Amino acid sequence: MTTSSSERGVSLGMPELPAPAYPDDVRARLETDAREVIARYPDSRSALLPLLHLVQSEEGHVTRTGMQFCADVLGLTTAEVTAVATFYTMYRRRPSGDYQVGVCTNTLCAVMGGDAIFESLQEHLGVGNGGTTEDGKVTLEHIECNAACDFAPVVMVNWEFFDNQTPGSAKRLVDDLIAGRPVQPTRGAPLCTFKETARILAGFPDERPGAVEASGGAGPASLVGLRLARGEAAPARVVHPRDGGPHDEPQDRAPQDRAVHEPSPTEHLSSHDAPQDTSASDPAHPAGPVAEEGE
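Residues numbered from 1 in each chain as written. Predicted model: local features only at pLDDT ≥ 70, side-chain atom pairs only at ≥ 80, totals over all residues. Heavy atoms only, no water.

### Some points on the packing of aromatic side chains
Stage number 1. Per the stated rule, a full pass over the model turns up three aromatic pairs.
Stage number 2. Relative to Phe69, the ring of Tyr22 has its centre 6.0 Å away and its plane inclined at 70°; by these criteria the two rings are edge-to-face. Residue Tyr22 is located in the segment before α1 (24-38), and its partner Phe69 is located in helix α3 (residues 64-74); the two are separated by 47 residues in the primary sequence. Both residues of the pair, Tyr22 and Phe69, belong to the buried class.
Stage number 3. Plain terms: the ring middles of Tyr88 and Tyr91 are 6.3 Å apart, the flat faces sit at 90° to each other, and that makes the pair edge-to-face.
Stage number 4. Following the ring pairs from residue to residue traces out a cluster consisting of Phe87, Tyr88 and Tyr91.
Stage number 5. A cation over an aromatic ring shows up here: Arg187 above the ring of Phe161, its NZ or CZ 4.1 Å from the ring centre. (Phe/Tyr/Trp six-rings, centres within 6.5 Å; stacked < 30°, edge-to-face > 60°. Helix = DSSP H or I, 4+ residues; strand = E, 2+ residues; numbered from the N terminus. Buried < 20%, exposed > 50% of the residue type's maximum accessible area, 1.4 Å probe, protein only. Lys NZ or Arg CZ within 6 Å of the ring centre and 35° of its normal.)

This is the structure:
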């Protein structure tokens, strides 16, 4: 006696149907934009990354229709396009929110509170990693290093920086996003939706007034090496572990007579490496950009 596949609980499945086409007006608009992007490259297939951002700006994530479109205009197979779209995490493969809220959980941010922020946001929003709120406003995810360690812990919204966060400030941030209240990044351009961000990443200009002029700046810790190279700051001195005096202090002086060395902001000394208060807990020292000459 034989047993059918359905009786064995095995589904043979059906071949996946071809991706639905864009409406004619949408495809015509995207083809115009695609030609502009492709013209920037000597080899058309080099335009695949920005074109994936382009189709992502249309639907908020990279759909099968979007990948078929990229394959058609670049003369690639859908397998080649899929291989790229599934490799890079900036391309979303399923519907997501207007605001992608990413919490850095890499080493320094985690130590400074990133793990606590991520856990509190999961509980506050009622979603897990990669989950989207029911209203479609916010997608939460943990992300790797944002290259902003001197502002740790860092949260990014649509790739814009929100520095020196705490669980409380991060919850206020997502509440403002959901309520539609204005939100201003710590550094960089004003915040826009994920679809608008995707179009900018595709290489099209940001048409919002003042957005291009807005810029961020590196934190003081990031600029120490540059300032040393320019000769703008004296080399750091090693602090004695017991009395705080520099090692080159005359040794014939009694310990109580030695001057206590107060490190300058440009000195990064091992005995002064403890985590500092963030702007949320220390209003007297708010986070913000440090402008360099010529920026």
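### Digging into the sheet that holds strand β3 (residues 155-157)
Stage number 1. Pairing in this open sheet of four strands is mixed, and the strands run β2-β1-β3-β4 from one edge to the other. In this open sheet, the two edge strands, each paired with only one partner strand, are β2 (138-143) and β4 (160-162). The average angle at which neighbouring strand axes cross in this sheet is 25°, direction not considered.
Stage number 2. In terms of strand pairing, β3 meets β4 through three bridges, oriented antiparallel. Residue pairing in the sheet places Met156 in a bridge with Phe161 of β4. (Pairing = 2+ DSSP bridges. Axes fitted to C-alpha atoms, helices over the stretch in contact; angles between N-to-C directions.)

### A short note on the environment of Cys70
Stage number 1. Structurally, Cys70 is set in helix α3.
Stage number 2. It is 7.0 Å that separates the C-alpha atoms of Cys70 and Leu48, two residues lying 22 residues apart in sequence.

### Brief notes about helix α7 (residues 194-201)
The α-helix advances 3.6 residues per turn, and as a result positions three or four apart in sequence lie on the same side.
Stage number 1. For α7, every residue scored as buried is listed here: Phe194, Thr197 and Ala198. Relative to the axis of α7, the buried residues are bounded by an arc of 100° and lie together on one face.
Stage number 2. Summarising the contacts, the buried residues of α7 are in contact with α2 (48-59) and β1 (99-104).
Stage number 3. One or two positions beyond α7, positive phi appears at Gly203, with a value near 105°. (Arc of directions from axis to C-beta. Contact = heavy atoms within 4.5 Å.)

### Overview of the state of the cysteines
Stage number 1. Counting across every chain of the model gives zero disulfides.
Stage number 2. Lacking any disulfide linkage, Cys109 is separated from the closest cysteine sulfur, that of Cys104, by 3.6 Å. (Disulfide = S-S within 2.5 Å.)

### Topic: unusual backbone geometry
Stage number 1. Along the chain, Ala152 connects to Pro153 via a cis peptide bond; the corresponding omega equals -5°.
Stage number 2. Along the polypeptide, Pro153 turns up in the loop between β2 and β3.
Stage number 3. Phi at Trp159 is positive, roughly 75°, even though this residue is not glycine.
Stage number 4. In this fold, Trp159 is placed in the loop between β3 and β4.

### Concerning the packing of α1 against α2
Stage number 1. Two elements in contact, α1 and α2, have axes separated by 10 Å at closest approach and are oriented at 155°. On the basis of the axis angle, α1 is roughly antiparallel to α2. You can see that α1 and α2 cross each other, and the crossing is right-handed. Every residue of α2 that contacts α1 at Val26, Arg29, Leu30, Asp33, Ala34, Val37 and Ile38 is listed here: Pro50, Leu51, Leu54 and Glu58.
Stage number 2. Here the residues of the contact of α1 with α2 are counted per class, giving eight nonpolar, no polar and three charged. (Parallel < 35°, antiparallel > 145°, perpendicular 65-115°, else oblique. Left-handed = near helix turned anticlockwise from the far one by under 90°. Nonpolar A, V, L, I, M, F, W, Y, C, P; charged D, E, K, R; others polar.)

### Quick word on the pattern of salt bridges
Stage number 1. Under the defined criterion, the tally for this structure stands at 10 salt bridges.
Stage number 2. Arg230 serves as the salt-bridge partner of Glu232, at 3.8 Å between the closest nitrogen and oxygen.
Stage number 3. Note on Arg230: relative accessible area 46%, which makes it partly exposed.
Stage number 4. Linked through salt bridges whose partners overlap, the residues forming this network are Arg27, Glu31 and Asp72. (Salt bridge = Lys/Arg side-chain N within 4 Å of Asp/Glu carboxyl O.)

### Comments concerning the packing of helix α5 (residues 107-125) against helix α6 (residues 167-179)
Stage number 1. Where α5 meets α6, the axes come as close as 9 Å, and the angle between the chain directions of the two elements is 40°. Of the possible angle classes, the one that applies to α5 and α6 is oblique. Our pair here, α5 against α6, has a crossing hand that is right-handed. From α5, Ala116, Ile117, Ser120, Leu121, His124 and Leu125 reach across to α6, where they touch Pro167, Ala170, Lys171, Val174, Asp175 and Ile178.
Stage number 2. Tallied by class, residues from the contact of α5 with α6 come to eight nonpolar, two polar and two charged.

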